[in-house]
Amino acid sequence: MKLKELNGIPALAISEFGETTINGLTSDSRQVKPGFLFAALKGSKADGSVYAADAAKRGAAIIVAASASKLSNVSAPIIYVDDPRRALALAAASFYRVQPDVMVAITGTSGKTSVASFTRQIWANAGFASASIGTTGVVSPARNDYGSLTTPDPVELHKLLSELVEEGVTHAAMEASSHGLDQRRLDGVKLAAGAFTNLGRDHMDYHATVEEYHAAKLRLFRELLPKGAPAVIFADDPFSKPTIAAAAEAGCKVLTVGRKGEFITLKRVEHERFRQHVEVQIAGEIFEITLPLAGDFQVANGLVAAGLAIATGVPAAAAMRGLERLKGAPGRLDLVGATEEGAPAYVDYAHKPDALENVLTSVRPFTTGRVIVVFGCGGDRDKGKRPMMGEIATRLADVVIVTDDNPRSEVPATIRAEILAAAPGAQEIGDRHEAIRVAVAMMKSGDTLIVAGKGHEEGQTVGTVVLPFSDHTEVAQALKDRLARERNP
Ligand SMILES: CC(=O)N[C@H]1[C@@H](OP(=O)(O)OP(=O)(O)OC[C@H]2O[C@@H](n3ccc(=O)[nH]c3=O)[C@H](O)[C@@H]2O)O[C@H](CO)[C@@H](O)[C@@H]1O[C@H](C)C(=O)N[C@@H](C)C(=O)N[C@H](CCC(=O)O)C(=O)O
Ligand SMILES: Nc1ncnc2c1ncn2[C@@H]1O[C@H](COP(=O)(O)OP(=O)(O)OP(=O)(O)O)[C@@H](O)[C@H]1O
Ligand SMILES: N[C@H](CCC[C@H](N)C(=O)O)C(=O)O
Ligand SMILES: [Mg+2]
């Protein structure tokens, strides 16, 4: 492809270098191959402009750098732009040419993965070839790939979107993390609609204040959605009001869902152990449905997903039928199994205060015995959430076991101590395998076990090593061993 065919490149640079052939794009000098465009991005650890000379040596045809940076001794043409991250995202979108016809993005502190998965399922149930992209990976009719980043790097993202189109996918739902929005990873995506779930404390290691974190999320409505595009907003969150105001001011068509919602109004919910009966009103019509998932928050996620599906052309009745067939996203209040007496054991991805509060509150109505929780906090991440999660666990669970969850470069015992400082009476079992076995062994009839924090993850990161570890496998094995012991004492 010629440089002049790429978006995001200033006209002046096109007139000078427009005929240059571009073979690929990257923001990592180590990935540069001959003929690549290298975008020098300022990161949290390094400044990509330091690597521009290296990129040129590796054969970069063009370097895109921030106007503020002054590069020297670089043996490739340099194009200066105000916002290299945005330029890279726009260039990537045009380089890979196509994306699914109907793309939606979901932002919010919790529920993004679930809503993306639910939207895909509702679309698929209505007959569309659909995909979801996010923390748990990429799911489409042709693939089920394990993921890593919530919102992929723009080059990776647009490559993926073009592959999905080739597979025949017409509808795709993706998560828009605050990092992804802030770092312009989605700026080249043609969005048909956007959604907001809720806002709580998260990523305070990256964003200076909650307001700044909220503002990053609002970029979806303020800068990425085209004017008049639907913005589906959960109406019952403390941050719903300012989000609705911002989306309306940005010219979006605001569609609210929830108890205070006007597009989809939640009238009534009755909980059962593993499912919920829900009554909603859409455009004057009442629908009574059974959602085959536990947890209040799944009703909220279901309504946001239904809102997105309806906003992108699925008839309300079909969207409601879709809700009745939902499967939870992997590792989200995921029922692994039960003891012989029927006490359930769940794996959940709650790794931030609000999510932990929600999941522990959600299981209380159907727990006649004790709520037992096993959790930890990740290393090299927001330290402020550690005592908050300790306090929440102690307040809402009857038995608290504090363990390790991806200590990364930190000393695991220090992380646990920071949680335990606010969790009097909690047990400390650093080895997560052991913590899960102890928890499963203590379950009695009527108890509910929640193993929180890792959800779908398949590894435990200690230092820089990722050791294979799955909460799902560990809980299943512990239940199985317990059963064998009970049968052959
Ligand atoms: C903190 C963060 O968001 N980091 C992202 C950021 O990297 P950075 O700013 O730290 O990059 P850096 O290391 O400072 O380097 C700056 C630039 O120099 C380049 N470089 C560096 C070294 C070299 O030899 N040559 C070179 O060119 C790097 O490729 C980079 O472009 O920009 C990179 C390129 O876009 C991202 O890959 C990287 O994501 C890292 C892998 C990451 O872990 N991100 C997590 C925190 C994240 O984004 N999470 C969110 C939300 C999670 C959730 O709540 O669900 C997500 O969307 O997944
Ligand atoms: N609507 C919601 N409100 C509150 N908590 C929720 C909601 N949806 C999910 N949760 C909790 O958050 C956890 C993560 O859910 P999910 O993966 O759908 O969110 P996410 O926004 O994608 O999170 P992440 O940013 O970590 O990828 C769940 O396991 C559950 O504990
Ligand atoms: N996307 C999040 C996931 C955190 C999951 C939890 N298990 C942890 O390691 O803290 C992050 O990387 O911060
Ligand atoms: Mg997610």
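Residues numbered from 1 in each chain as written. Chains lettered and ligands numbered in written order. Predicted model: local features only at pLDDT ≥ 70, side-chain atom pairs only at ≥ 80, totals over all residues. Heavy atoms only, no water.

- The protein chain is annotated in an unreviewed UniProt entry as UDP-N-acetylmuramoyl-L-alanyl-D-glutamate--2,6-diaminopimelate ligase of Phyllobacterium myrsinacearum.
- Heading Catalytic activity (unreviewed entry) of the UniProt record for the protein chain holds this comment: "UDP-N-acetyl-alpha-D-muramoyl-L-alanyl-D-glutamate + meso-2,6-diaminopimelate + ATP = UDP-N-acetyl-alpha-D-muramoyl-L-alanyl-gamma-D-glutamyl-meso-2,6-diaminopimelate + ADP + phosphate + H(+)".
- Under the UniProt heading Function (unreviewed entry), the entry covering the protein chain gives this text: "Catalyzes the addition of meso-diaminopimelic acid to the nucleotide precursor UDP-N-acetylmuramoyl-L-alanyl-D-glutamate (UMAG) in the biosynthesis of bacterial cell-wall peptidoglycan." (UniProt positions renumbered as here; feature names shortened; annotations may be inferred.)

**Let's talk about the sheet that holds strand E16 (residues 334-338)**
Next, step 1: Spatially, six strands are ordered E16-E17-E21-E18-E19-E20 in an open sheet, and the strand pairing comes out mixed. Every other strand in the sheet has two partners, leaving E16 and strand E20 (427-428) as the edge strands with one partner each.
Next, step 2: Direction of pairing for strand E17 (residues 344-348) relative to strand E21 (residues 448-452): parallel, over a ladder of four bridges. The partner of Asp 348 across the bridge, within E21, is Ala 452. (Pairing = 2+ DSSP bridges. Helix = DSSP H or I, 4+ residues; strand = E, 2+ residues; numbered from the N terminus.)

**A short note on the nonpolar core**
Next, step 1: Core analysis: the biggest nonpolar cluster contains 41 residues, and Ile 122, Ile 264, Val 280, Ile 282, Leu 308, Met 320 and Leu 323 have the highest contact counts within it.
Next, step 2: The biggest single contributor to this core is helix H9 (residues 296-311), with nine residues.
Next, step 3: With residues near it in sequence (within four places) discarded, Ile 122 still touches Ala 305, Ala 306, Ala 309, Ala 319, Gly 322, Leu 323 and Leu 326.
Next, step 4: In terms of nonpolar packing, the next biggest core, distinct from the first, is built from 32 residues, Ile 133, Ala 176, Phe 221 and Cys 252 among them. (Core = buried A, V, L, I, M, F, W, Y, C linked by side-chain atoms within 4.5 Å. Buried < 20%, exposed > 50% of the residue type's maximum accessible area, 1.4 Å probe, protein only. Contact = heavy atoms within 4.5 Å.)

**Thoughts on the coordination of the magnesium ion (ligand 4)**
Next, step 1: Note on the magnesium ion (ligand 4): its protein donors are Thr 113 (OG1), Thr 135 (OG1) and Glu 175 (OE). The metal-donor distances range over 2.1 to 2.2 Å.
Next, step 2: Sequence positions of the residues that donate to the magnesium ion (ligand 4) give the spacing T-x21-T-x39-E. Taken as a pair, Thr 113 in helix H4 (residues 112-125) and Glu 175 in strand E9 (residues 171-175) lie far apart in primary sequence, 62 residues in all.
Next, step 3: Its relative accessible area of 9% is what places Thr 113 among the buried residues. (Donors = N, O, S within 2.8 Å, 3.2 Å for Na, K, Ca; no water.)

**Topic: the UniProt feature "binding site: UDP-N-acetyl-alpha-D-muramoyl-L-alanyl-D-glutamate" (unreviewed entry) in the protein chain**
Next, step 1: Taken from the UniProt record, the annotation "binding site: UDP-N-acetyl-alpha-D-muramoyl-L-alanyl-D-glutamate" (unreviewed entry) applies to Ser 29, Thr 150, Thr 151, Ser 177, Gln 183 and Arg 185. For the annotated residues, spread through 157 residues, the largest C-alpha to C-alpha distance comes to 24.7 Å, inconsistent with a single compact locus.
Next, step 2: Excluding its chain neighbours within four sequence positions, the residues that come into contact with Thr 150 are Lys 112, Ile 133, Gly 134, Thr 135, Glu 175 and Ser 177.
Next, step 3: In this structure, Ser 177 sits in the loop between E9 and helix H6 (178-182).
Next, step 4: Residue classification places Ser 177 among the buried positions, given a relative accessible area of 8%.
Next, step 5: Not counting residues up to four positions away in its chain, the partners in contact with Ser 177 are Lys 112, Thr 150, Thr 151, Arg 185 and Lys 217.

**Focus: the pattern of salt bridges**
Next, step 1: In this structure the tally under the stated criterion is 30 salt bridges.
Next, step 2: Residue Asp 28 pairs with Arg 30 through a salt bridge whose shortest N-O separation is 2.9 Å.
Next, step 3: Accessibility expressed as a relative area gives 62% for Arg 30, which makes it exposed.
Next, step 4: Its salt-bridge partner being Glu 457, residue Lys 454 comes within 3.1 Å of it at the nearest N-O pair. (Salt bridge = Lys/Arg side-chain N within 4 Å of Asp/Glu carboxyl O.)

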